[in-house]
Amino acid sequence: MPVVEIADPQTEPFPGFDSLLISYDELQAVIADDRYSQWRTALSSVQGIYLISDAKTGKLYVGKADGAERFLGRWSEYARNGHGGNVALRELAGVDASHARFQFSILRVFAPSATSAHVDAAEAHFKRALLSRQTGHNRN
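This one's a predicted model, so the numbers in the text were calculated from it and none came from an experiment.

## Things to note about the nonpolar core
Then step 1. Counting 25 residues, the largest nonpolar core has Leu43, Trp75, Tyr78 and Phe104 as its most contacted members.
Then step 2. Counting only elements with at least two residues in this core, the list comes to helix H1 (24-32), helix H2 (37-43), strand E2 (47-54), strand E3 (60-65), helix H3 (70-81), helix H4 (87-95) and strand E4 (102-110).
Then step 3. For this core, the element with the highest residue contribution is H3, accounting for 5 residues.
Then step 4. Apart from the residues lying within four places of it in its own chain, the contact partners of Tyr78 are Tyr24, Leu27, Tyr50, Ile52, Tyr61, His83, Gly84, Asn86, Leu89 and Phe104.
Then step 5. Listed in part, the 8 residues of the second largest apolar core include Leu51, Leu60, Val119 and Ala122.

This is the structure we're talking about:
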């Protein structure tokens, strides 16, 4: 058969911020794979609060994604090194280098115009509500 067309891979539609739940392996695909271009556009358009769940231990990590690249920039660091620079997650990576146990989700989204104080307050609220300092991976 003759080749008629070489098409781009089918794009993966963005599920929406409230429905997003992805594994570490899926996160790496979102950051690097052309099929997820809609996801990268959406993740770079807002800032907010995210949750990393450790499926092996049940421990939680609450973080904020702000700055110039918002969720996309913050999560790109996790995709690159597995710990995003976080102290407890870096220590965990030293003991168990497999990051496949992590799941990523979004707890709250803010417009790019939201103040740092507003985002910081929401992050602190979720850390208190989810006890991520006492029983999870948050150290601050």
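Now that the structure has been shown, the text picks up again.
## Points about the sheet that holds E3
Then step 1. If you walk across this open sheet you meet the 4 strands as E1-E4-E2-E3, and the pairing is antiparallel. Where the open sheet ends on each side, the last strands, each with one partner, are strand E1 (21-23) and E3. On average, adjacent strands in this sheet sit at an angle of 25 degrees to one another, irrespective of strand direction.
Then step 2. Here E1 pairs with E4 via 3 bridges, running antiparallel. By the bridge assignment for E4, Ser23 is matched with Gln103.
Then step 3. Where H1 meets the sheet, it contacts E1 and E4, and its direction lies at approximately 100 degrees from that of E1.
Then step 4. Sitting on the sheet, H3 is in contact with E1, E2, E3 and E4, with an inclination near 30 degrees to E2.

## Re the pattern of salt bridges
Pairing of side chains with opposite charge becomes possible as their charged atoms draw close.
Then step 1. According to the stated counting rule, one finds 8 salt bridges in the structure shown.
Then step 2. The partner of Glu12 in a salt bridge is Arg35, with the nearest N and O atoms 3.4 Å apart. Placement of Glu12 in the segment before E1 and of Arg35 in the loop between H1 and H2 is noted, with a sequence separation of 23 residues between them.
Then step 3. The exposure class of Arg35 is partly exposed, given its relative accessible area of 24%.
Then step 4. With its nearest N and O atoms 2.3 Å apart, the salt bridge here joins Asp120 to Lys64.

## Here we look at the pairing of E2
Then step 1. In terms of burial, E2 is a largely internal element, 8 of the 8 residues being buried.
Then step 2. Sheet topology note: the E2/E4 ladder contains 8 bridges and is antiparallel. Across the sheet, residue Ile49 finds its bridge partner in E4, namely Arg108.
Then step 3. When E2 meets E3, the two strands line up antiparallel, connected through 6 bridges. Residue pairing for E3: Gly48 is matched across the bridge by Ala65.
Then step 4. Once E2 ends, the chain turns through 5 residues before running back antiparallel as E3, passing Gly58 with a positive phi of about 85 degrees.

## Details of the side chain of Asn138
Then step 1. Its place among the elements puts Asn138 in the segment after helix H5 (116-129).
Then step 2. With a relative accessible area of 2%, Asn138 lands in the buried category.
Then step 3. From its side chain, Asn138 meets the backbone oxygen of Val62 in a polar contact 2.8 Å long.
Then step 4. Of note is the side chain of Asn138, whose polar atom sits 2.6 Å from the side chain of Ser132.

Conventions we followed
Residues numbered from 1 in each chain as written. Predicted model: local features only at pLDDT ≥ 70, side-chain atom pairs only at ≥ 80, totals over all residues. Heavy atoms only, no water. Core = buried A, V, L, I, M, F, W, Y, C linked by side-chain atoms within 4.5 Å. Buried < 20%, exposed > 50% of the residue type's maximum accessible area, 1.4 Å probe, protein only. Helix = DSSP H or I, 4+ residues; strand = E, 2+ residues; numbered from the N terminus. Contact = heavy atoms within 4.5 Å. Pairing = 2+ DSSP bridges. Axes fitted to C-alpha atoms, helices over the stretch in contact; angles between N-to-C directions. Salt bridge = Lys/Arg side-chain N within 4 Å of Asp/Glu carboxyl O. Polar contact = N/O pair within 3.5 Å; in protein donor to acceptor, adjacent residues only side chain to side chain.

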